[in-house]
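Chain and residue survey
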Amino acid sequence: MKTIIHDLDNIEVDNNIILNDYNIKNCIGCFNCWTNTPMKCIHKDNYKEVCKNILNSDTLIIVSRNFYGTYSSKVKKILERNIGFVLPYFVIRNKEIHHKARIKQKLDFITIFYGKINSKEKLLLEKLVNRNALNFNLKKPTILYFKNENDVRRYLNESIY
Amino acid sequence: MNLYINCSPKIKNSNSEYFTQLIKSDNDIINYIYKDNFELIKKNISIYKNIIFVFPLYMDTFPSKLIEFMENFNNKLINKNIYIICNCGFLEYRQNFLAIDTFIYWINKKKGFFKGYLNIGSGEIIGITKKNKFLSLFCHDFFKKIKIFKCYINNEKSINLNTNIKWLNKRLFCIICNHFWKKRIK
Ligand SMILES: Cc1cc2nc3c(=O)[nH]c(=O)nc-3n(C[C@H](O)[C@H](O)[C@H](O)COP(=O)(O)O)c2cc1C
């Protein structure tokens, strides 16, 4: 199973897709998804147990419009609701402090960025997804760039679904 | 007069707020990305010359609502002095460098003057010094740097500073934090 976190309008597929939902609530930084109710977010919306979807997947795919070398706010909102994917405990990984993984298996990690992207932004995005992979204990990311949403849709249809 | 923009979802309970209160003068103002209307913040940005963005590190970049604000910010930052105060939970302030670099890139694209940053590692623990004065002993470097940063902002000078809790190595930091997490987890 694959989990796709994205900010595209209208994509329909049977995979385990986390839809782009305009009403998703912002993480409030309360850490309840680590402490009082592990893996459950305090907000009672569709994303309440979203990290469980990822834990049950073998691949995490993130599709985002490039925004000055980082994620779009829509994608970022969903990602922040997922920190329960790892444990709160700290470990040293690659000589830096990171969170302890909840599962042993490392998920495949594909990131797809679209829109206008210059070389500086590519550098920032590459650093970002590599850092996310380290923090979430994912496999080394595959990073793809596309010009527009349609090209991403075509790629997803041909290669992912 | 300076404008502080608090970009933490924890608003007034945030470490960002604590750091801002340590630095701000009486006639400076604070706006909250997670509370205030974006139009009000934009208006204040157009009025104030020195603007300090104070944000926590969220998944190696900025909190989502700050990104939303930036997406909505179609203006330029011409003639504005922009400072950054960034804090993260992990011990190493170097984990903030990417977010700071990305923010500076955005400031430059908006034609603002990037004037400097205060980069704080172990922000959660330093935040506890608000109530636990004993812990302040380990945070002497932070208190020194925050004073220096304040002077530089008020004189509109450039400076970049890094700080975190002292006398703890990574292993000890993990042991202490894990003990704290164990107590909190139900
Ligand atoms: C959703 C989320 C993501 C976070 N990501 C990181 C991270 O990538 N690296 C890190 O060192 N700390 C991370 N933190 C911890 C915060 O940066 C830290 O708790 C900080 O002190 C919060 O500051 P504030 O009280 O001003 O919001 C994260 C916290 C949350 C809630």
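In what follows, the accompanying structure is described. Because the structure is a prediction, the values reported are computed rather than measured. (Residues numbered from 1 in each chain as written. Chains lettered and ligands numbered in written order. Predicted model: local features only at pLDDT ≥ 70, side-chain atom pairs only at ≥ 80, totals over all residues. Heavy atoms only, no water.)

**Examining the overall build of chain B**
The secondary structure content of chain B amounts to seven helices and six strands. Going from the N terminus to the C terminus, chain B shows its helices and strands as β-α-β-α-β-α-β-α-β-α-α-β-α. On C-alpha atoms alone, chain B measures out to a radius of gyration of 16 Å, which is about the 16 Å that the 2.2 N^0.38 rule sets for 186 residues. For chain B, the spread of C-alpha atoms along the three principal axes comes to 45 × 35 × 30 Å. (Helix = DSSP H or I, 4+ residues; strand = E, 2+ residues; numbered from the N terminus. Rg over C-alpha atoms; globule rule 2.2 N^0.38 Å.)

**Things to note about the nonpolar core**
Counting 66 residues, the largest nonpolar core has Phe 85 of chain A together with Phe 149 and Phe 173 of chain B as the members making the most contacts within it. In terms of residues, this core owes the most to one element, helix H3 (residues 119-135) of chain A, which gives five residues. Apart from the residues lying within four places of it in its own chain, the contact partners of Phe 173 of chain B are Phe 90 and Ile 97 of chain A together with Gly 89, Phe 90, Leu 91, Ser 122, Ile 125, Ile 165 and Leu 168 of chain B. (Core = buried A, V, L, I, M, F, W, Y, C linked by side-chain atoms within 4.5 Å. Buried < 20%, exposed > 50% of the residue type's maximum accessible area, 1.4 Å probe, protein only. Contact = heavy atoms within 4.5 Å.)

**Remarks on the sheet that holds strand E1 (residues 2-6) of chain B**
All names here are of chain B. A sheet is described by the order of its strands in space; here six strands give the open sequence E2-E1-E3-E4-E5-E6, paired in parallel fashion. If you trace the sheet from one side to the other, it starts and ends with strand E2 (29-32) and strand E6 (159-163), each paired once. Pairs of neighbouring strands in the sheet enclose a mean axial angle of 20°, with direction left out of account. In this structure, E1 lies alongside E2, joined through four bridges in parallel fashion. Bridge assignment links Tyr 4 to a residue of E2, and that residue is Ile 30. Sheet strands touched by helix H6 (residues 140-154): E1, strand E3 (50-56), strand E4 (81-87), strand E5 (113-120) and E6. Its angle to E6, the strand with the most contacts, is close to 165°. (Pairing = 2+ DSSP bridges. Axes fitted to C-alpha atoms, helices over the stretch in contact; angles between N-to-C directions.)

**Quick word on the packing of aromatic side chains**
For the structure on display, the rule yields 30 aromatic pairs over all chains. Grouped by ring-pair contacts, the aromatic residues Phe 38, Phe 53, Phe 55, Phe 62, Phe 69, Phe 73, Phe 103 and Trp 106 of chain B constitute a single cluster. Positioned over the ring face of Tyr 145 of chain A is Lys 122 of chain A, at 4.8 Å from the centre of the ring. (Phe/Tyr/Trp six-rings, centres within 6.5 Å; stacked < 30°, edge-to-face > 60°. Lys NZ or Arg CZ within 6 Å of the ring centre and 35° of its normal.)

**Considerations on the interface of chain B and chain A**
Put simply, an interface is often sized by how much accessible area is lost when its parts join up. On the side of chain A, 41 residues touch chain B, which itself brings 39 residues to the contact. Roughly 3800 Å² is buried in total at the junction of chain B and chain A, and carbon and sulfur atoms are behind 64% of that figure. The largest share of the area that chain B buries against chain A comes from Met 59, Tyr 105 and Trp 181 of chain B, three residues that together contribute 20% of it. If you look at where chain B meets chain A, you find two salt bridges. (Buried area = accessible area lost by both parts, 1.4 Å probe. Salt bridge = Lys/Arg side-chain N within 4 Å of Asp/Glu carboxyl O.)

**Things to note about the pairing of strand E3 (residues 59-65) of chain A**
Residues and elements named next belong to chain A. Within E3, six of the seven residues are buried, leaving the element largely enclosed by the surrounding structure. Strand direction decides the pairing type here: strand E1 (residues 2-6) and E3, joined by five bridges, are parallel. Note on E3: the bridge partner recorded for Ile 4 is Ile 61. Where E3 lies against strand E6 (residues 108-114), seven bridges are found, and the strand directions are parallel. When the bridges of E6 are listed, Ser 64 appears paired with Phe 113.

**With respect to the pattern of salt bridges**
Oppositely charged side chains can form a pair if their charged atoms are brought close together. Evaluation of the coordinates by the stated rule reveals 15 salt bridges over all chains. Here Arg 131 of chain A ties to Glu 96 of chain A by a salt bridge, and the two come within 2.9 Å at their closest N and O atoms. Placement of Arg 131 of chain A in helix H3 and of Glu 96 of chain A in strand E5 (residues 96-101) is noted, with a sequence separation of 35 residues between them. Taking the relative accessible area as the measure of exposure, Arg 131 of chain A reaches 14% and is therefore buried. With a closest N to O distance of 3.1 Å, Asp 60 of chain B and Arg 131 of chain A form a salt bridge.

**Some words on the site of the ligand**
As a matter of local geometry, the ligand sits amid 22 residues, with Ser 8, Asn 15, Ser 16, Asn 87 and Glu 124 of chain B nearest to it. Those chains with residues close to the ligand are chains A and B. Ser 16 of chain B has a polar side-chain atom sitting 2.5 Å from an oxygen atom of the ligand. Within the backbone of Met 59 of chain B, an N or O atom sits 2.8 Å from a nitrogen atom of the ligand. Its free accessible area being 650 Å², the ligand has 95% of it covered by the protein chains. Only helix H1 (15-23) and helix H5 (123-128) of chain B provide two or more residues apiece to the shell around the ligand. In terms of residue class, the shell around the ligand is built from nine nonpolar, nine polar and four charged. (Near = heavy atom within 4 Å. Polar contact = N/O pair within 3.5 Å; in protein donor to acceptor, adjacent residues only side chain to side chain. Areas by Shrake-Rupley, 256 points an atom, 1.4 Å probe, with all protein chains shown as cover. Nonpolar A, V, L, I, M, F, W, Y, C, P; charged D, E, K, R; others polar.)

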